[in-house]
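# Structural description and commentary
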Amino acid sequence: MFKHALLNHSNNMKLKIIFASALLASFLFSCNSTKSTEATAVDSTGTEATFMVDPTASNIVWEGNMVKLYKHYGDLKISEGSFTVKGLQVTGGSFTADMKSISPTDSNYSAEHPKEYLVGHLSDTSFFSVGTYPTATFVIKTVSGNTATGDLTLRGITNEETVTNILVDTVGAVKATGKLVVDRQKYKVAYKADGDKVLSNDITLDITLVGKK
């Protein structure tokens, strides 16, 4: 009889352990499900959503190279725009860059050629002629995977260009990033460096668009 009672007690303990485990698993699953839902800012069913660009959080990081010598890089403000996403893919959009906001952030300067000298140089007619062409625009025409093809207008000249490596981040504010490499000669930025220095024709633009609804 004592053995029978001991077996009953053991079985009851097993049932309690199984029941407690089930409750714990249910609780953990519930927490994970809630966390996953909260981290998704774009409709998980793939519904398209359009976001206005937040100019205070969006920007372009530009880079130009003096071949085998040094490079200059800095920030360029985005004044307005919008972009559309479906799931984690950009499906359309456009933005306008303020060419008068060119701001170098590298350290390749001297007393003879300070940072302000470069800003004036990039702003004049030998480069972007920002007095005549204060803005540049990009308008997406087609999208394939993480690549978008569209029209870039710079110095009043429009050419088809491709933005690559597009990524969409939906945690917090919706953000889209991508890389655009521009051949300056296509936009009549024909400046030639002094002496034996060679300025690369490629200007690299790392674009960050942060959306607000």
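Residues numbered from 1 in each chain as written. Predicted model: local features only at pLDDT ≥ 70, side-chain atom pairs only at ≥ 80, totals over all residues. Heavy atoms only, no water.

## Topic: the side chain of Arg155
Considering the arrangement of structural elements, one finds Arg155 in the loop between β7 (147–154) and β8 (157–169). Within polar-contact distance, the side chain of Arg155 engages the backbone oxygen of Thr125 at 3.2 Å. Apart from residues lying up to four places away in sequence, Arg155 is in contact with Thr125, Phe127, Phe128, Ser129, Tyr133, Tyr187, Lys188 and Val189. (Helix = DSSP H or I, 4+ residues; strand = E, 2+ residues; numbered from the N terminus. Polar contact = N/O pair within 3.5 Å; in protein donor to acceptor, adjacent residues only side chain to side chain. Contact = heavy atoms within 4.5 Å.)

## Description of the nonpolar core
Among the nonpolar cores identified, the biggest contains 40 residues, and Ile60, Phe83, Phe128, Leu205 and Ile207 are the most heavily contacted of them. With 5 residues, the single largest contributor to this core is strand β10 (residues 199–212). Apart from residues lying up to four places away in sequence, Leu205 is in contact with Ile60, Val61, Trp62, Gly178, Lys179, Leu180 and Val182. (Core = buried A, V, L, I, M, F, W, Y, C linked by side-chain atoms within 4.5 Å. Buried < 20%, exposed > 50% of the residue type's maximum accessible area, 1.4 Å probe, protein only.)

## Some details on the pattern of salt bridges
Considering all chains together, one arrives at 5 salt bridges under this definition. Residue Glu63 is joined to Lys71 by a salt bridge in which the shortest nitrogen-to-oxygen separation is 3.8 Å. Using a relative accessible area of 35% as the deciding quantity, one classes Lys71 as partly exposed. Among the ionic pairs, Lys186 bridges to Glu161, the shortest N-O distance being 3.1 Å. With Lys186 in the loop between β9 (175–183) and β10 and Glu161 in strand β8, this residue pair connects regions lying 25 residues apart in the sequence. Where salt bridges share partners, they join Lys141, Asp151 and Glu160 into one cluster. (Salt bridge = Lys/Arg side-chain N within 4 Å of Asp/Glu carboxyl O.)

## Here we look at the confidence of the model for the protein chain
Averaged over every residue, the pLDDT of the protein chain is 81; the share at 70 or more is 76%. Segment residues 1–45 is flagged for pLDDT under 50; beyond a separation of four residues in sequence, or across chains, it makes 12 contacts in the model. (pLDDT = per-residue confidence, 0-100.)

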